[in-house]
Amino acid sequence: NAGVTQTPKFQVLKTGQSMTLQCAQDMNHEYMSWYRQDPGMGLRLIHYSVGAGITDQGEVPNGYNVSRSTTEDFPLRLLSAAPSQTSVYFCASSYTTNVEKLFFGSGTQLSVL
Amino acid sequence: EDQVTQSPEALRLQEGESSSLNCSYTVSGLRGLFWYRQDPGKGPEFLFTLYSAGEEKEKERLKATLTKKESFLHITAPKPEDSATYLCAVQVYNQGGKLIFGQGTELSVKP
């Protein structure tokens, strides 16, 4: 089992560029989510999904889109990158929507210039 | 507004010097409280889940406890390998899959 796999590990964008952060899990988890981690602010939920075809907004959804076409994959799209989106992004999954135990990926460090 | 606050922000201990980390929460209805460990450059790793006041969980040198207002992570006789950032999170009833995380406590244990 690979667990939760995130790609890329590092990315530098220019303001206005778009990109997709990839997240895949091989544990057949129902629940998947995206967090961003900024110094002094902890982890903040961007979007989450409780199953294929179902997504919902978290605490800081503006500027980000998600979709969940399969159980395994949950990509995060930045449509027009802004410097405020410079952060470390983590994907996490859980077996059920009760979110009793989250499994995290290793993160993507994103810089927007 | 639902809130989670961790203290202290940073804690430096000598090897063998026991201490506690605090996680205080203000939520409309607590469904569960979680502790995670995060090493530099890595994603958080699950430690414990607590559901009700009075509940305790243990793992090696770590013991988590829960009251109606806060949770403590007690570290007994820590070792340098316990150095990490410890994160607390809560799940609130009727808010689906949303977790609210605290800012974390950065623990450093010196030999």
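Structural data are supplied above this passage.
Treat the numbers as computed from the prediction; the structure is a model and nothing was measured.

A look at the sheet that holds strand β1 (residues 4–7) of chain A
Residue and element names in this part refer to chain A. Pairing is antiparallel across the open sheet formed by four strands, whose spatial order is β1-β3-β8-β7. Because the sheet does not close on itself, it has two edges, and the strands there are β1 and β7 (64–66). Neighbouring strand axes in the sheet, compared pairwise and without regard to direction, differ in orientation by 20° on average. The sheet contact formed by β7 and strand β8 (residues 76–78) spans three bridges and is antiparallel. Across the sheet, V66 pairs through a bridge with L76, a residue of β8.

Brief notes about the pairing of strand β5 (residues 45–50) of chain B
Of all six residues making up β5 of chain B, five are buried, and the element is well covered by its neighbours. Hairpin geometry of strand β4 (residues 30–38) of chain B and β5 of chain B is characterised by an intervening segment of six residues between the two adjacent antiparallel strands and by a positive phi of about 75° at G41 of chain B.

What about the side chain of D2 of chain B?
Residue and element names in this part refer to chain B. Assignment of secondary structure puts D2 in the segment before β1 (3–7). For D2, which is buried and forms no salt bridge, the nearest opposite charge comes from K98, at a distance of 8.8 Å. For D2, the side chain forms a polar contact with the main-chain nitrogen of S28, separated by 3.0 Å. Non-local contacts of D2, meaning those with residues more than four positions away in its chain, are made with T26, V27, S28, V92, Q95 and I100.

Brief notes about the sheet that holds strand β8 (residues 70–75) of chain B
In sheet architecture, strand pairing relies on hydrogen bonds along the backbone and comes in two forms, parallel and antiparallel. Residues and elements named next belong to chain B. An order of β1-β3-β8-β7-β6 is seen for the five strands of this open sheet, with the pairing classed as antiparallel. Two strands lie at the open edges of the sheet, namely β1 and β6 (56–59), each paired on one side alone. Adjacent strand axes in the sheet meet at a mean angle of 15° when their direction is disregarded. In terms of strand pairing, β1 meets strand β3 (residues 19–26) through five bridges, oriented antiparallel. Bridge pairing in β3 places V4 opposite Y25.

How each quantity is defined
- Residues numbered from 1 in each chain as written.
- Chains lettered and ligands numbered in written order.
- Predicted model: local features only at pLDDT ≥ 70, side-chain atom pairs only at ≥ 80, totals over all residues.
- Heavy atoms only, no water.
- Pairing = 2+ DSSP bridges.
- Helix = DSSP H or I, 4+ residues; strand = E, 2+ residues; numbered from the N terminus.
- Axes fitted to C-alpha atoms, helices over the stretch in contact; angles between N-to-C directions.
- Buried < 20%, exposed > 50% of the residue type's maximum accessible area, 1.4 Å probe, protein only.
- Lys, Arg positive; Asp, Glu negative; His and termini not counted.
- Salt bridge = Lys/Arg side-chain N within 4 Å of Asp/Glu carboxyl O.
- Polar contact = N/O pair within 3.5 Å; in protein donor to acceptor, adjacent residues only side chain to side chain.
- Contact = heavy atoms within 4.5 Å.

Without other data, these values stay purely geometric and don't point to any function.
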